[in-house]
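# Breakdown of the fold
What follows is each chain in one-letter form.
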Number of protein chains: 2
Amino acid sequence: MPQKATAEAKSNIAFIKYWGNRDAQYRVPLNNSISMNLDHAFTTTTVEFDARLNTDMIRVGDLPANDATRTRVITHLDRVRALAKIETRARVASSNNFPTGTGMASSASAFAALSLATTRAAGLNLDERALSILARQGSGSASRSIPDGFVEWMAGTESGNSYAVSLLPHDFWDLRDVIAIVSTTEKKVGSSDGHGLAQTSHFIDERVRALPLRLQRVRRALFAKNLAMLGPAIEEDAVELHLIAMTSNPPIFYWSPAMVRVIETMRRARADGLAVYFTLDAGPNVHLICEAKDADQVAARAREIADVQNVIVNAPGTGARLIAEHLF
Amino acid sequence: MPQKATAEAKSNIAFIKYWGNRDAQYRVPLNNSISMNLDHAFTTTTVEFDARLNTDMIRVGDLPANDATRTRVITHLDRVRALAKIETRARVASSNNFPTGTGMASSASAFAALSLATTRAAGLNLDERALSILARQGSGSASRSIPDGFVEWMAGTESGNSYAVSLLPHDFWDLRDVIAIVSTTEKKVGSSDGHGLAQTSHFIDERVRALPLRLQRVRRALFAKNLAMLGPAIEEDAVELHLIAMTSNPPIFYWSPAMVRVIETMRRARADGLAVYFTLDAGPNVHLICEAKDADQVAARAREIADVQNVIVNAPGTGARLIAEHLF
C-alpha cells in the first residue's frame, strides 16, 4: 500500500458560475455549472502519511500554511482518513505554478490535487465520481477540476449525487482563456462568504429558475464549437454572478475600475471584429475567451491596457492526474 | 391672453429609479419612482407663439436644436396646441445652467420647463397634476420636475393617472447631491432606448415585484430625515437599474472605470465614518447623497479622484415655476 503520492490538478474557469449553496456544509450548490480546465494554472500536491507524526504538517509553496488554510486542509485530510479508516497524520506539500497574490483562484486546483494525492497515499482508489464528490467538499469548484477538459458539475440534491463529469475532452476545441491579471491584492470577500450571501439576493430565485436554458446554450455551443453562441451566454452569466453579489445583503462589490476598463476595451475590440468574450470570477481579474488563432492578438490588446499587470494564456486542460506513487 | 412665457424647472435625481415602461408611447412607467429636485441644475425656457411663423423655431443654448431634439420638442408643442385648440407655431429658446456634454440629464428639466412655458404661452392654466402628466409624455422623469422638493411619481395604469406629487417640500431636509462629473462624452445608449429594453431583462419582474417595500423604506427615511435608512435603499436601487440594463438583450453597460473608482472611494470614506451614499443614473456620473454639513468634505474627497473632472453641489430644489409672462 502506498503511503506517499503526488498529484496535479488544473484550475478551471467557469462559463456558467457556481454561486450559492443548497447545503453550505457539504457545498451542494444551487445550480449546475460548466467550466474549462486551464492547462497553465495548476497545483501540484504531495501527501505522505507518516506514523511518526503527531500532527499534520501543511506547507503551501515554501511556507507553512496559515491557520485558515491549515484548518481547511486538515478537515479534508480527516474526510479521507474516515474513508480509509486510518488515523495516521500526514505531511502535505502543495505548490501552484502561478504566482500567489495574483487574484487567481487556487482552491479549485488545490483541493482537486489534494483529494487525489491524499486518497492514493491512503491506499484508496476512488473513481472519478467519488473523487469529484470528495474534492467538492473541500472547495466547490474543485469538483470540476477532477474530470478532463470541458466539465459540468451536476448540482444534485445532496452530497452523494453532486459531482462533475467531463462533457468533452480537453483536445475537443482549441479555446483559449487569456487571463488579464489586474490586481495582486487579496479578495476583500472570499467566495465562500459570497456563496453564503447569495440567497440574500432577491434575484437568486430568478437566476436559478432561468439557468437551465443558459446551461443548454453553453452545452450546445461547446458541442458545436460555436464561439458566437458561447460568448454571449458566458458574458451574461458573469454579469449575473456580480449582480447577485451586488444585490446581496450586505452587497459585495467585486468590480474594480481596472476590470471595467478591460471589459470596455475588449467589447470595443469585438465591435472591431475580434472574436473575444469576457468572463469574471469573484475576484478582480478578467478572463478573455477566444479561439487559439486569436489568442496572440487578444493577449497583445490586453497587455496594452495600463491596469493589466500580467497576461496568462491557457488552453483547455486535462483532469486531475497522479504524478507519482511511492511504496515503502 | 399671454402669447409668450418663460419658465424654469430643476433637474432631479431619482432615489428610486424609473426604468422601463408599461406604455412606451405615453411613457407610463413600470413602477413608482422617488426623486429630489436639484437646485443647481435647471433649464430656463421661453416659448412665444407667433402667428407669423410657418414653422416652429427651436433653439437650445445658442444653437438651433438638432433634428432629434427638434422632432421631440415639436411633438410636445403639438400636445399643447391640441389642448389649447390652436395651430400657431412657436419660437422656443431653452438653456441649461449646467454645461452640456457633462453627461448630466437635461431632458427632465427641459420638458418640465417646456411644458409650463408652452401651456402658459398658449393661454392654458394647467394644475400641477395636469402639468406633470403633460411633462411626462415629453420625458418620463420630467413629470417629477414639476412638483416641489422631494417627489413621488405614481406609476398609475394609463396616461391619465400617471403623474408626480410632492412628498415633502424642498426645505424639509437639507440633503445634498454632490455630483461627481466623470465624463463629458455622450451616453452610448440613450435612456429612452434603455427603457425600451428593460423588459428584455429576465430580472425585471422581480424588480417590480420587490419595489413597493423599497419605495416605502425611502418614503419613511425621507419623512424621518434618516440618511442611514435612505442610503442603503438608494444604493440598492441604483445598482439594480444597472443590473437590469446589463441583463437586457442586448446588454447595456453604463458603468465606467471612473464610476467604479468614485464608488470605491466613497464606500471607503463611509467605512471611515463619512455619511455618504451613491446613486447612479443611466450615464457615467456618480451622485453622492449626504447631509449639508458633510457636503464640503464629500466634494473635497470627490475632487481628489483623478477621473473626476468637476463637482456640482445641489440642495433640494423647488418645482417648476413661471419666471415671466408677456402680454401683447
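Residues and elements named next belong to chain B. Sheet analysis places strand β5 (residues 57–60) next to strand β7 (residues 90–96), joined by four bridges and oriented parallel. Within β7, the residue paired with isoleucine 58 across the bridge is valine 92. Direction of pairing for β5 relative to strand β6 (residues 63–64): antiparallel, over a ladder of two bridges. Note on β6: the bridge partner recorded for valine 60 is leucine 63. Count of turn residues in the β5/β6 antiparallel hairpin: two residues, of which glycine 61 carries a positive phi of about 65°.

So, about the interface of chain A and chain B. A common way to state how big an interface is: give the accessible area lost once the parts meet. Taken residue by residue, the interface counts 23 residues in chain A and 22 residues in chain B. Summed over both sides, the interface of chain A with chain B buries roughly 2200 Å², with 72% coming from carbon and sulfur. Along the contact surface separating chain A from chain B lie zero salt bridges. Remark: the boundary between chain A and chain B carries four residue pairs in polar contact (both at pLDDT 80 or more). Where the side of chain A that touches chain B is concerned, the elements lending two or more residues are α5 (204–223), α6 (227–246) and α7 (257–271) of chain A. Ranked by residue count, the leading element in the side of chain A that touches chain B is α7 of chain A, at six residues.

Residue and element names in this part refer to chain B. Position of alanine 221 relative to the elements: it lies in helix α5 (residues 204–224). Taking relative accessible area as the criterion, alanine 221 reaches 0% and is therefore assigned buried. Note: C-alpha distance between alanine 221 and valine 260 (39 residues apart in sequence) is 26 Å. Other than its neighbours up to four places away in sequence, alanine 221 contacts Trp173, Asn226, Met229 and Leu230.

This paragraph deals with unusual backbone geometry. Working note: non-glycine residues mostly have negative phi, and peptide bonds are mostly trans. Cis geometry marks the peptide bond from asparagine 249 of chain A to proline 250 of chain A; its omega dihedral reads 0°. Among the structural elements, proline 250 of chain A can be located in the loop between α6 and α7. The phi angle at arginine 27 of chain B is positive, at roughly 55°, despite the residue not being glycine. Relative to the helices and strands, arginine 27 of chain B resides in the loop between β2 (21–23) and β3 (28–29). Using a relative accessible area of 17% as the deciding quantity, one classes arginine 27 of chain B as buried. Positioned with a positive phi, lysine 85 of chain B is a non-glycine residue whose angle comes to about 55°. Mapped onto the elements, lysine 85 of chain B comes out in the loop between α1 (67–84) and β7. A relative accessible area of 74% places lysine 85 of chain B in the exposed class.

On to the environment of isoleucine 312 of chain A, then. Residue and element names in this part refer to chain A. Considering the arrangement of structural elements, one finds isoleucine 312 in strand β13 (residues 310–314). When its relative accessible area of 13% is taken as the criterion, isoleucine 312 is described as buried. Note: C-alpha distance between isoleucine 312 and isoleucine 179 (133 residues apart in sequence) is 5.1 Å. Ignoring any residue separated from it by four or fewer positions in sequence, one finds isoleucine 312 in contact with His40, Met104, Asp177, Val178, Ile179 and Ile181.

All names here are of chain A. Per the domain assignment, the segments making up chain A are domain 1 (4–172) and domain 2 (175–314). A straight line from the C-alpha centre of domain 1 to that of domain 2 covers 23 Å. On the side of domain 2, 45 residues touch domain 1, which itself brings 30 residues to the contact. Across the domain 1 to domain 2 interface the summed buried area is about 3100 Å²; carbon plus sulfur atoms make up 69%. Contact with domain 2 buries area across many residues of domain 1, yet Phe15, Lys17 and Trp19 alone supply 27% of it, more than any other trio. As a salt-bridge pair, arginine 219 and glutamate 152 come within 2.7 Å of each other at their nearest N and O atoms. At the boundary of domain 1 and domain 2, one finds 11 residue pairs in polar contact (both at pLDDT 80 or more). At the level of secondary structure, the elements contributing two or more residues to the side of domain 1 that touches domain 2 comprise β1 (4–16), β4 (33–49), β8 (150–154) and β9 (163–168).

Take the sheet that holds strand β10 (residues 175–181) of chain B next. Residues and elements named next belong to chain B. Spatially, β11-β12-β10-β13 is the arrangement adopted by the four strands of the open sheet, whose pairing is antiparallel. Strands with a single pairing partner mark the edges of an open sheet, and in this sheet they are β11 (277–280) and β13 (310–314). Each strand axis lies, on average, 25° off the axis of its neighbour in the sheet, ignoring direction. The pairing of β11 with strand β12 (residues 286–291) spans four bridges and is antiparallel.

Below, the discussion takes up helix α2 (residues 107–121) of chain A. An α-helical segment advances 3.6 residues per turn. Residues three or four places apart therefore align on the same side. All names here are of chain A. The end-to-end C-alpha separation of α2 is 20 Å, in line with the 21 Å expected for 15 residues at 1.5 Å each. Burial within α2 is extensive, with 13 of its 15 residues counted as buried. Remark: glycine 123 follows α2 within two positions and exhibits a positive phi of approximately 85°.

What counts and how
- Residues numbered from 1 in each chain as written.
- Chains lettered and ligands numbered in written order.
- Predicted model: local features only at pLDDT ≥ 70, side-chain atom pairs only at ≥ 80, totals over all residues.
- Heavy atoms only, no water.
- Pairing = 2+ DSSP bridges.
- Helix = DSSP H or I, 4+ residues; strand = E, 2+ residues; numbered from the N terminus.
- Contact = heavy atoms within 4.5 Å.
- Buried area = accessible area lost by both parts, 1.4 Å probe.
- Salt bridge = Lys/Arg side-chain N within 4 Å of Asp/Glu carboxyl O.
- Polar contact = N/O pair within 3.5 Å; in protein donor to acceptor, adjacent residues only side chain to side chain.
- Buried < 20%, exposed > 50% of the residue type's maximum accessible area, 1.4 Å probe, protein only.
- Domains from an automatic or database assignment.
- Axes fitted to C-alpha atoms, helices over the stretch in contact; angles between N-to-C directions.
- Expected span 1.5 Å × (residues − 1).

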